[in-house]
Amino acid sequence: MGYTNAGKSTLFNALVKAQAYAADQLFATLDTTTRKLYLDDAEGEKAGRSVSLSDTVGFIRDLPHGLITAFRATLQEAADADLLLHVVDAANPHHPEQIEEVQRVLHEIGAADVPQLIVFNKIDALPATQQPRQRSDAIDIEGTQVQRLFVSSHTADGLPDLRRELAERVARDEQSPQSSPQLHEEPA
Ligand SMILES: Nc1nc2c(ncn2[C@@H]2O[C@H](COP(=O)(O)OP(=O)(O)OP(=O)(O)O)[C@@H](O)[C@H]2O)c(=O)[nH]1
Ligand SMILES: [Mg+2]
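Residues numbered from 1 in each chain as written. Chains lettered and ligands numbered in written order. Predicted model: local features only at pLDDT ≥ 70, side-chain atom pairs only at ≥ 80, totals over all residues. Heavy atoms only, no water.

Visitor: Looking at this structure, I do not really get the overall build of the protein chain. What am I missing?
Guide: Across its full length, the protein chain carries four helices and seven strands. Secondary structure of the protein chain in N-to-C order comes out as α-β-β-β-α-β-α-β-β-β-α. For the protein chain, the exposed area adds up to about 10200 Å²; of that, 50% sits on carbon and sulfur atoms. (Helix = DSSP H or I, 4+ residues; strand = E, 2+ residues; numbered from the N terminus. Areas by Shrake-Rupley, 256 points an atom, 1.4 Å probe, with all protein chains shown as cover.)

This is the structure in structure tokens:
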């Protein structure tokens, strides 16, 4: 999820397509905007872990209350998620305000407390002087330090790190499943 035009659908397709290319049989369509994404374990071994990855509608500035109601069913998916990938257009100079707008919508739909991973997308479009020095750091979101990853959905730069981070979080969750009981859609 994230502000409109951040590159959510492009990232979604890049993650799913990369997986489909690597192993066509290893993902299954759940519905039009949700795909099952299989993840390697931290050592890069096929571990058979999967997550359901969903693409949401764009969050826009000054979303009218009527629209909030109309989108509520779609956005409800965000409130029910185990983790929100908050996609940000790093190349848009207004991205700090866009992050604030997204946070505002998250509060309105009751999803403000869902853990987030901030995904700064479009780093290929940043000038050399603004390129991130590291692939991952922390960013302040409403007074909380939240992990941020830098990616390009166009060049796939950073996507392996994103997959690894998701795999690590799933593995961590398996060790303390009570903190997130919904994660295991297919209990063994
Ligand atoms: N340079 C660059 N452009 C990108 C990247 N990812 C997405 N884009 C472009 O950004 C535009 C918006 O991408 P979408 O994936 O449609 O964005 P979205 O967040 O799904 O947008 P909505 O569904 O309308 O909210 C398109 O023109 C993409 O080609 C990227 O990593 N680098
Ligand atoms: Mg989209």
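Moving on from the coordinates now.
Visitor: Sorry, what's going on with the pattern of salt bridges here?
Guide: Here the idea is simple: oppositely charged side chains can pair when their charged atoms come close. Scanning all chains against the criterion turns up nine salt bridges. Ionic pairing is found between Asp 89 and Lys 122, a salt bridge with its closest N-O pair at 3.2 Å. Of this pair, Asp 89 sits in strand 4 (residues 84-89) while Lys 122 sits in the loop between strand 5 (116-121) and strand 6 (136-141), and the two are 33 residues apart along the sequence. We classify Lys 122 as partly exposed; its relative accessible area is 22%. The closest approach of N and O atoms between Asp 161 and Arg 164, which form a salt bridge, is 3.6 Å. With a gap of three residues between them, Asp 161 and Arg 164 both fall in helix 4 (residues 159-175), about one helical turn apart. Classification of Asp 161 as partly exposed rests on a relative accessible area of 22%. (Salt bridge = Lys/Arg side-chain N within 4 Å of Asp/Glu carboxyl O. Buried < 20%, exposed > 50% of the residue type's maximum accessible area, 1.4 Å probe, protein only.)

Visitor: Would you take a moment to explain the site of ligand 1 for this structure?
Guide: Looking at ligand 1, there are 16 residues lining it, with Lys 8, Ser 9, Thr 10, Asp 124 and Ser 153 nearest. Measuring from an oxygen atom of ligand 1, one finds a side-chain N or O atom of Thr 10 at 2.5 Å. Asn 121 places a polar side-chain atom, nitrogen or oxygen, 3.1 Å from a nitrogen atom of ligand 1. If ligand 1 stood free it would expose 650 Å²; the protein chains cover 70% of that surface. (Near = heavy atom within 4 Å. Polar contact = N/O pair within 3.5 Å; in protein donor to acceptor, adjacent residues only side chain to side chain.)

Visitor: In this structure, what is going on with the sheet that holds strand 4? I would like to understand it.
Guide: For sheets, the rule is that strands pair by backbone hydrogen bonds, running either parallel or antiparallel. The four strands lie next to each other as 4-5-7-6, forming an open sheet whose pairing is mixed. A strand with exactly one partner marks an edge of an open sheet, and here the two such strands are strand 4 and strand 6. When strand polarity is set aside, the average angle formed by the axes of neighbouring strands in this sheet is 35 degrees. One ladder, built from three bridges, connects strand 5 with strand 7 (residues 144-150); its direction is parallel. (Pairing = 2+ DSSP bridges. Axes fitted to C-alpha atoms, helices over the stretch in contact; angles between N-to-C directions.)

Visitor: Just to check I follow, could you spell out the environment of Gln 147 for this structure?
Guide: Within the fold, Gln 147 resides in strand 7. By relative accessible area, Gln 147 is classed as partly exposed at 24%. Considered as a pair, Gln 147 and Leu 117 are 30 residues apart in the sequence and their alpha carbons are 5.6 Å apart. When sequence neighbours within four positions are dropped, the list of residues in contact with Gln 147 reads Leu 117, Ile 118, Ser 136, Asp 137, Ala 138, Glu 165 and Arg 169. One polar contact links Gln 147 to Glu 165, side chain to side chain, over a distance of 3.5 Å. At 3.1 Å, the side chain of Gln 147 and the side chain of Arg 169 are in polar contact. (Contact = heavy atoms within 4.5 Å.)

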